[in-house]
Amino acid sequence: MVHPKILEVIEYDVCTACGACASACPAGAIVVNKRAEVRDPDNLELYEKGATLNVCEGCFTCGRVCPVIDGYYDDEFANVKSFFGAKSAIVGQDGGVTSHILKELLRKGEIDCVVGISRNGVWETELVLMTKPEDVDKTTGTKYTYDSVLAALKEPFEKYDRIAVVGVPCQVHGARLISENVNDKIVLIVGLLCMESFYHETMREKIVPEIMKLNVEDVVKMDFGKGKFWNYTKDGQEHSVKIAEVAPYARNPCHHCCDYTSVFADISVGSVGTPDGWNCVFIRTEAGRKYFDKVKDTLEIMENPAPPGLDLVKKLAKMKHDNNSGHYLEVCEKFSFDECGIR
């Protein structure tokens, strides 16, 4: 037995694999790797605390923390308190702002830990718990392959009181729902702008070797920009193809996602609407403002990014909504429940 809402999200392949349900479930009834799966209730080897055969306890926690069930906002800019450009001295994907914020907050003792992901030389991701400023160095740069960030929260919830989470929109959404419904130890959520992500196998076996004509071990940076997917290699060369050539290979749940700017974050960070080498930054909540104010003096700030600036971010957000909302609403019609949707 598992909450029927979660079962349908999994069965219709719209589970984002954010990991929220796995970290919040008190009975350990769900496990998340590439996709969420319901654990076999007859295999007691999976359980450490003597769970009974009927694993699900009917608490409905999983349904309260699922971003797909919670739904999306039509206007993801309504909660923006301020928008500006920023950059740091950190060598990152662009301005290194996300890494800088996290390092400074750890250094100042304002947070106890950060949950995020790192990657290895063949672009496999790994969940990382960062407790020291230098730990953040392992996670710099954008990873376009996916991992279930929120599934790594179980240990931090037991050990720490002030947890920061960094992730893409679905992970951010799940983190917000956890903080509102299950655990108030998440004090800061940093969201990344994201159009889509890919399974590691797809990136390693299809996109990089067949479409980009590269060896994945030679690629040191990936990026989306100016209508293209870019790969930068160890020899200093730049390689690109049109986004339309790789977009169909995104994870299926990404084709149903209607959040581009991580609307549920405290602070959203991206690389759109600002010059090269800068990040765009959205402050969305009072918590976001409070924590950013603690580090802003160590960043270079661009108060009014020149056009297209925010207009470009809004254009891309509309593009994602236009492309994906129909797919999401079509799945909603198949669900046996009606709480989800776009509001």
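Since the structure is predicted, the reported quantities are computational estimates derived from the model, not experimental observations. (Residues numbered from 1 in each chain as written. Predicted model: local features only at pLDDT ≥ 70, side-chain atom pairs only at ≥ 80, totals over all residues. Heavy atoms only, no water.)

A.B. asks: Talk me through the environment of aspartate 266; I want residue IDs and the actual numbers.
C.D. replies: Tracing the backbone through its elements, the reader meets aspartate 266 in the loop between helix 9 (243-246) and strand 11 (267-270). For aspartate 266, a relative accessible area of 3% gives the class buried. Note: C-alpha distance between aspartate 266 and serine 99 (167 residues apart in sequence) is 15 Å. Non-local contacts of aspartate 266, meaning those with residues more than four positions away in its chain, are made with Arg176, Val187, Leu188, Ile189, Phe282, Ile283, Arg284, Thr285, Ala287 and Gly288. Only 2.8 Å separates the side chain of aspartate 266 from the side chain of arginine 176, close enough to count as a polar contact. At 2.7 Å, the side chain of aspartate 266 forms a polar contact with the backbone nitrogen of isoleucine 189. (Helix = DSSP H or I, 4+ residues; strand = E, 2+ residues; numbered from the N terminus. Buried < 20%, exposed > 50% of the residue type's maximum accessible area, 1.4 Å probe, protein only. Contact = heavy atoms within 4.5 Å. Polar contact = N/O pair within 3.5 Å; in protein donor to acceptor, adjacent residues only side chain to side chain.)

A.B. asks: Explain the sheet that holds strand 9 (residues 228-233) to me, and be specific about the residues and the numbers.
C.D. replies: Strands in a sheet are paired, the pairing made by backbone hydrogen bonds, and the direction either parallel or antiparallel. The strand order across the open sheet formed by three strands is 8-9-10, and the pairing between neighbours is antiparallel. Sheet topology places strand 8 (219-225) and strand 10 (238-242) at the edges, where each strand pairs with a single neighbour. Strand-to-strand, the axes of this sheet are offset by a mean angle of 20°, without reference to chain direction. Direction of pairing for strand 8 relative to strand 9: antiparallel, over a ladder of six bridges. Bridge pairing links methionine 222 to asparagine 231 in strand 9. (Pairing = 2+ DSSP bridges. Axes fitted to C-alpha atoms, helices over the stretch in contact; angles between N-to-C directions.)

A.B. asks: I'd like to hear about the pairing of strand 11, residue by residue, with values.
C.D. replies: Here strand 11 shows a buried face lined by Ile267 and Val269 and a second buried face lined by Ser268 and Gly270. Pairing of strand 7 (residues 186-192) with strand 11, which is carried by three bridges, proceeds in the parallel orientation. Bridged to valine 190 within strand 11 is isoleucine 267. Pairing of strand 11 with strand 12 (residues 279-283) involves four bridges; the strand directions are antiparallel. Considered in strand 12, the bridge of glycine 270 is made with cysteine 280.

A.B. asks: For the side chain of glutamate 76, give the residues involved together with the corresponding values.
C.D. replies: Here glutamate 76 is to be found in the loop between helix 4 (67-70) and strand 3 (82-87). No salt bridge is formed by the buried glutamate 76. Its closest oppositely charged neighbour is arginine 284, at 5.1 Å. Of note is the side chain of glutamate 76, whose polar atom sits 3.1 Å from the backbone nitrogen of tyrosine 260. Setting aside residues no more than four positions away along its own chain, glutamate 76 makes contact with Cys258, Asp259, Tyr260, Thr261, Val263, Arg284, Ala317 and His321. (Lys, Arg positive; Asp, Glu negative; His and termini not counted. Salt bridge = Lys/Arg side-chain N within 4 Å of Asp/Glu carboxyl O.)

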